[in-house]
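Now for the letters of each chain:
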Amino acid sequence: MKNMRPIEWNERIRFECCGCGACCRNVHQSVPLESLDVYRLTKFLKEGDSAITCVEDVLATYAEEVLLATCGYVTYVLKTTGDEQACIFLKDNRCMIQPVKPKACRTYPLSAEPLGSGGFRFHISTEYPHHFEAGIIFKARDWMKRYFTEEERAATAIDYRELPEIVRLLNQVPEDGLPAAVFCFLQYKYYKFDLERPFLEQYESNHKELLSALRKILERLCY
Ligand code: SF4
Ligand code: SF4
């Protein structure tokens, strides 16, 4: 998202989407897939595509890795296609995964930045001025309440609670241990989910297992 400005929770905004698809183009490496996005997307795609059976299939087909920090902190983003670098799920200006599109797409043009206190600071993208000339009127808080679900808020809280320790441990891993550390990181962040079980309890326990696995790697290589 470009041209971001902070927005108060009770600020009133007018917004209209005419379905031009512009926000789904020129999005190379910029549509993040959070763990819950991938979990939902996999469940959705499995229903209609026999080639998709698991998280591995979804990530291999529709996502690419991006290294966020040299310590090995990796995330996934949606692939893009063509000269316009359009999202891989954009067809005829329509999103093909509308019911399960990633959080970043659902909350657009708003985004939520977690605060240490457990709350969030909201921002709005003003890159397309035509958005604000007509349409529904909403308050930032109500928009985010609708599109940033309780489950996502809880997952974000886990992320922010565990992130400092994960990064601290990754930073200590020597170079020859990085492939194993990144493998563990991706396993517990994205892959090790039973799609028949609720997401949050698995996300919580995966973080504990990730921290334990990183400590074991460090013990093996450094002590
Ligand atoms: S949100 Fe805006 S840029 Fe995106 S499709 Fe709607 S009108 Fe176009
Ligand atoms: S997932 Fe859908 S809404 Fe999000 S960028 Fe892709 S086509 Fe657009």
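Criteria and cut-off values
Each chain carries its own residue numbering, running from 1 in the written order of its sequence. Think of it this way: whatever chain is written first is A, whatever ligand is written first is 1, and the rest follow in order. Per-residue local features of the predicted model are confined to residues with pLDDT of at least 70, and side-chain atom pairs are confined, for both listing and counting, to 80 or more; whole-chain, interface and lining totals are unaffected and use all residues. Where side-chain values are given, they derive from all heavy atoms of the structure, hydrogens and water being excluded. For the purposes of this entry, the term helix denotes a DSSP run of H or I that reaches at least four residues, the term strand denotes a run of E that reaches at least two, and both are numbered from the N terminus. Residues count as neighbours in contact if any of their non-hydrogen atoms are within 4.5 Å of one another. Consider each residue's heavy atoms; a residue with any of them within 4 Å of a molecule or strand counts as near. Each residue gets one of three labels, nonpolar for Ala, Val, Leu, Ile, Met, Phe, Trp, Tyr, Cys and Pro, charged for Asp, Glu, Lys and Arg, and polar for the others, Gly among them. Being paired, for any two strands, means DSSP has found at least two bridges between them. Angles here are taken between N-to-C directions and fall from 0 to 180 degrees, while the axes themselves are lines fitted to C-alpha atoms, restricted in helices to the stretch in contact. Reported orientations rely on four angle classes, namely roughly parallel under 35 degrees, roughly antiparallel over 145, roughly perpendicular from 65 to 115, and oblique for the rest. Each residue's exposure class comes from its accessible area (1.4 Å probe, protein chains only) as a fraction of the maximum for that residue type: buried when under 20%, exposed when over 50%, partly exposed otherwise. Helices are assigned an expected span. That span is 1.5 Å times one less than the residue count. An automatic or database domain assignment supplies the residue ranges for each domain. Put simply, buried area is how much 1.4 Å-probe accessible surface two parts lose in total, over both of them, once they are put together. For this analysis, a salt bridge means a side-chain nitrogen from Lys or Arg found within 4 Å of a carboxyl oxygen belonging to Asp or Glu.

Secondary-structure assignment places Phe193 in the loop between helix 6 (178–191) and helix 7 (199–222). Separated by 63 residues in sequence, Phe193 and His130 place their C-alpha atoms 41 Å apart. Among all residues touching Phe193, those that are not within four sequence positions of it are Tyr39, Tyr188, Phe199, Gln202, Tyr203 and Asn206.

Right, let's talk about the site of ligand 1 for a bit. By nearness alone, every residue bordering ligand 1 is listed as Cys17, Cys18, Gly19, Cys20, Gly21, Ala22, Cys23, Tyr108, Tyr128, His130 and His131. Here the residues of the shell around ligand 1 sort into seven nonpolar, four polar and no charged.

It is worth spelling out the sheet that holds strand 1 (residues 4–7) at this point. The sheet built from three strands is open, its strands ordered 1-11-10 with antiparallel pairing. The open sheet has two free edges, formed respectively by strand 1 and strand 10 (110–114), since each of these has just one partner strand. Taking each pair of neighbouring strands and ignoring which way they run, the sheet shows an average axis angle of 35°. Bridging between strand 1 and strand 11 (residues 120–125) involves four bridges; their strand directions are antiparallel. Within strand 11, the position partnered with Ile7 by the bridge is Phe122. Along the sheet, helix 4 (residues 140–147) makes contact with strand 1, strand 10 and strand 11, crossing strand 10 at roughly 85°.

The contact between helix 5 (residues 150–172) and helix 7 brings their axes to 10 Å, and the two run at 0°. The orientation of helix 5 with respect to helix 7, classified from their angle, is roughly parallel. Of the residues in helix 7, those in contact with Glu151, Ala154, Ala155, Ile158, Asp159, Arg161, Glu162, Glu165, Ile166, Leu169, Leu170 and Gln172 of helix 5 are Phe199, Leu200, Tyr203, Glu204, His207, Leu210, Leu211, Leu214, Arg215, Leu218 and Cys222. Its residues placed into classes, the contact of helix 5 with helix 7 shows 14 nonpolar, two polar and seven charged.

Burial analysis of strand 5 (residues 73–78) places six of its six residues in the buried class, the great majority of the element. Neither face of strand 5 is open: one carries Tyr73, Thr75 and Val77, the other Val74, Tyr76 and Leu78, and all of them are buried. In this structure, strand 3 (residues 32–33) lies alongside strand 5, joined through two bridges in antiparallel fashion. The residue of strand 5 that forms the bridge with Pro32 is Val77.

A few words on the packing of helix 1 (residues 35–48) against helix 2 (residues 55–62). For any two helices packed against each other, the geometry is given by the interaxial angle and the distance between the axes. Where helix 1 meets helix 2, the closest approach of the two axes is 9 Å, and the angle between their N-to-C directions is 100°. Judged by the inter-axis angle, helix 1 sits roughly perpendicular to helix 2. Residues Val38, Leu41, Thr42 and Leu45 of helix 1 lie in contact with helix 2, whose contacting residues are Val55, Val58, Leu59 and Tyr62. Partitioned by chemical class, the residues of the contact of helix 1 with helix 2 number seven nonpolar, one polar and no charged.

A word on the sheet that holds strand 4 (residues 63–69). Within the open sheet, the three strands sit side by side as 3-5-4. Their pairing is antiparallel. Because the sheet does not close on itself, it has two edges, and the strands there are strand 3 and strand 4.

Turning to helix 7, a few remarks are in order. For helix 7, built from 24 residues, the straight-helix expectation of 34 Å at 1.5 Å per residue is met to within 8% by its first-to-last C-alpha distance of 34 Å. Considered for burial, the residues of helix 7 that qualify are Phe199, Gln202, Tyr203, Asn206, His207, Leu210, Leu211, Ala213, Leu214, Ile217 and Leu218. Summarising the contacts, the buried residues of helix 7 are in contact with helix 1, helix 5 and helix 6.

A word on the domain arrangement of the protein. Accessible area lost upon the coming together of the parts is a frequently used measure of interface size. The domains assigned to the protein are domain 1 (4–148) and domain 2 (152–222). On a C-alpha basis, the centroid separation for the pair domain 1 and domain 2 is 23 Å. If you look at the interface, domain 1 gives 30 residues, while domain 2 gives 23 residues. When residues of domain 1 are sorted by the area they lose upon contact with domain 2, Tyr39, Cys71 and Tyr73 head the list and together hold 28% of the total. On the surface where domain 1 and domain 2 come into contact, there are two salt bridges.

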